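# Topology and contacts: notes
As a plain string of letters, each chain reads:
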Amino acid sequence: MNKAARHTVLALGAAILAACGKPQPGAGQPLAYAPADTPYAWANLEPQPQSMIDWSQRQLHALMPLVIDMYDDLLKQQKALGARETKILSAVLDELRGRDTLDKLRELGFKPDARVAIYGVGLIPVLRLELGDAAAFRAMIARVEGKVGEKIPTGKTGEQEYWQFGDKDVRVAVAVQGSHLVATLWPADANDTVKQLLLGITRPGKNLLDAGTLQAIAKKYNYSPYGEGYLDFAALVQRLSTTPTDADLEIAKALKLPDGIAKDSPVCIEEAKAIAQKFPRIVAGAESYAPPQLRVAMQFETEPALAQALMAALAPAPGTGAAAEGLFDISLATPLLKLKEFWLKQADAVAAKPFACPEFADLNETFARSKEKVGVTIPPPFSDLTGLRVTLDKLEPRNDSKVPDVAARLLIGTNNPLAAVGMAQMAVPQLKDLTITIDGKPVALPASLLPASAQLPPMWLAMTDKAIALAAGQGSEATLGAYFAAPPSTTPVFLRLHFTGALYGLLGKYADLMQAAMPAEQKARFAKQTELFSLYEKMIRAGEFTFEANPNGIGLRETVDLGE
């Protein structure tokens, strides 16, 4: 097993063990330990709401036994971990086994309404979270050590003790500090100054909580206080291009980072800063975090001019202005000519002012090659495309056939539907006698289109002046009128992917069919996966992902409608 994988396994095991404790008076919020100038962070400003805790409690009762059994099976089958790591993870599973309620997990010190923060001290990541009961945590550590048959290695800086994992180069450190769990890493030869900075014993002069950075992000993007974060590319470049001082200097020395970057490569630094200003930051947050719906958003921020250019190039996808339908529904905008124009402008800008930094020479070549490929003429019908939409309404396995009972719809947005259909009729002889107009009325496709052995359902084709639609499945032709009428969104939502919880049930049915052909020793394990699909079907009513061009750049939103 390689060192990185071993360290990861041990760190995860320690984090699971340490997710516990009870707040002590005067303990600060985890975010108060994050430096105000950290280039990245994620935290919940407030504990998760009680309604979300209650929903999680119900799911935990059903999921925990199944998940523990599945991980136990995986642990027994794996051969990548060493004996020590396997013993540690097996002991952790033993501690979790049977604890299928939050009250039982509290016995291990788990705190369901904990505040959590992930941030950087310099560039080194730190995880800090509120604990529930330190005594329960230490008792669990002792039980794990007893089952493993050895003590977990420890270290000490000042008066602070910590558990450590690693080798001669890097150490992962996990500590209980007051009412907090802290996990980080440092070079094996790090001094006490560095260790105390990373563990938060030495507090930052200005902290992220007081700076209000996450609060400002939440306000700007209408996020709830239950989780927000950012990755600041501009701050990262600034930090890497500036001679480190104070705490950063100590950490840079420990990591053996060069300290003359700004002096040695001024052209590269300036060009790196210019790139970062075009894509300065990624921000994310929970818009809604309580049943019956979770809604999480992410924003890839760009400079204003680039955001406007993206909005002009990326049109809304078909049907995104109406509710999604079926088991699975995906819509994609395909304004190929506009996208071609957008990309050629970017390539021309690089050609007019190539990067002078040797490290960015590949970018010059990449843009030049892409211009050659993108600059070719896009022929019809592809040049006329505006968007695609595919909806799967039914996909049921049948006992009398290997071909499932299917119902589906396809919509092709195009500025010239007559030409597209005409080209299809020339290419497919079975379609040459098909008579279709742009009135939106479905016309049955000939049964001879494919061999009878394919056992395909009846299919219909319809057309308007802006789109072509295909329906498959008994009675599906009646839905094409509404399918045509579904409007695009008023903003450039260029991609939407929607699914319902019933899709998990469908996966479970097909898993059952696969299980029947499996060897006996695999059936039991696969049965657990089928049971998991069944639980997911109950937990999730629907899920949806959307991508949108907006004045701030590109926005991604995930929405999950929760079950009971």
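Everything that follows concerns the structure shown earlier in this document.
Residues numbered from 1 in each chain as written. Predicted model: local features only at pLDDT ≥ 70, side-chain atom pairs only at ≥ 80, totals over all residues. Heavy atoms only, no water.

Okay, the nonpolar core next. Of all hydrophobic cores here, the largest spans 31 residues; its most connected members are Leu 31, Tyr 119, Leu 198 and Leu 214. Sorting the residues of this core by element identifies β1 (40–43), β2 (116–121), β3 (124–130), β6 (170–177), β7 (180–187), α6 (192–199), α8 (213–221) and α10 (246–255) as the ones contributing at least two each. At four residues, the largest contribution of residues to this core is made by α8. Residue contacts for Leu 214: discarding those within four places in its chain leaves Leu 31, Ala 43, Leu 45, Leu 208, Glu 228, Gly 229 and Tyr 230. Grouped together as the second largest cluster of nonpolar side chains are 25 residues, Leu 81, Leu 105, Leu 129 and Phe 137 included. (Core = buried A, V, L, I, M, F, W, Y, C linked by side-chain atoms within 4.5 Å. Buried < 20%, exposed > 50% of the residue type's maximum accessible area, 1.4 Å probe, protein only. Helix = DSSP H or I, 4+ residues; strand = E, 2+ residues; numbered from the N terminus. Contact = heavy atoms within 4.5 Å.)

Our next topic: the packing of aromatic side chains. Applying the stated rule across the entire model yields nine aromatic pairs. Where Phe 499 meets Tyr 504, the ring centres are 6.1 Å apart and the plane angle is 85 degrees; that geometry is what we call edge-to-face. Just as Phe 499 is buried, Tyr 504 falls in that class too. One aromatic cluster is present, formed by Phe 499, Tyr 504 and Tyr 536 through successive ring pairs. Above the face of the Tyr 33 ring, Arg 128 is positioned so that its terminal group lies 3.7 Å from the ring centre. It is Arg 409 that lies over the ring of Tyr 483; its NZ or CZ is 4.6 Å from the centre. (Phe/Tyr/Trp six-rings, centres within 6.5 Å; stacked < 30°, edge-to-face > 60°. Lys NZ or Arg CZ within 6 Å of the ring centre and 35° of its normal.)

This model, assessed by the stated rule, comprises one disulfide. Each sulfur in the disulfide pair Cys 268 and Cys 357 lies 1.9 Å from the other. As the torsion about the S-S bond is roughly 90 degrees, the Cys 268-Cys 357 disulfide counts as right-handed. Within this pair, whereas Cys 268 is found in helix α12 (residues 266–278), its partner Cys 357 is found in the loop between α14 (336–352) and α15 (361–374), the two being separated by 89 residues in sequence. (Disulfide = S-S within 2.5 Å.)

Further remarks concern the side chain of Gln 164. Mapped onto the elements of the fold, Gln 164 is located in strand β5 (residues 160–166). For Gln 164, a relative accessible area of 16% puts it in the buried group. A polar side-chain atom of Gln 164 sits 3.0 Å from the main-chain carbonyl oxygen of Thr 154. One polar contact links Gln 164 to Arg 171, side chain to side chain, over a distance of 3.3 Å. Apart from the residues lying within four places of it in its own chain, the contact partners of Gln 164 are Pro 153, Thr 154, Gly 155, Arg 171 and Val 172. (Polar contact = N/O pair within 3.5 Å; in protein donor to acceptor, adjacent residues only side chain to side chain.)

What sets the pattern is the α-helix's 3.6 residues per turn: residues three or four places apart point alike. For helix α3 (residues 83–96), built from 14 residues, the straight-helix expectation of 20 Å at 1.5 Å per residue is met to within 8% by its first-to-last C-alpha distance of 20 Å. What α3 keeps buried is the set Glu 85, Ile 88, Leu 89, Ala 91, Val 92, Leu 93, Glu 95 and Leu 96. Gly 98, located one to two residues past α3, shows a positive phi value of around 85 degrees. (Expected span 1.5 Å × (residues − 1).)

Below, the discussion takes up the packing of helix α9 (residues 233–240) against α12. In the contact formed by α9 and α12, the axes pass within 8 Å of each other and the chain directions differ by 165 degrees. For the element pair α9 / α12, the angle class is roughly antiparallel. The chirality of how α9 crosses α12 is left-handed. Contacts between α9 and α12 involve Phe 233, Ala 234, Val 237 and Gln 238 from the former and Ala 272, Lys 273, Ala 276 and Gln 277 from the latter. Class assignment for the residues of the contact of α9 with α12 results in five nonpolar, two polar and one charged. (Axes fitted to C-alpha atoms, helices over the stretch in contact; angles between N-to-C directions. Parallel < 35°, antiparallel > 145°, perpendicular 65-115°, else oblique. Left-handed = near helix turned anticlockwise from the far one by under 90°. Nonpolar A, V, L, I, M, F, W, Y, C, P; charged D, E, K, R; others polar.)

Bringing the pairing of strand β16 (residues 467–472) into the picture now. Most of β16 sits out of view: five of its six residues are buried. Judged from the six bridges that link them, strand β13 (residues 401–414) and β16 form a sheet pairing that is antiparallel. When the sheet's bridge partners are listed, Leu 411 is paired in β16 with Ala 469. Two strands pair when backbone bridges link them, and strand β15 (residues 459–463) and β16 are joined in this way by five bridges, in the antiparallel orientation. Residue pairing in the sheet places Leu 461 in a bridge with Leu 470 of β16. Between the antiparallel neighbours β15 and β16 lie three residues. (Pairing = 2+ DSSP bridges.)

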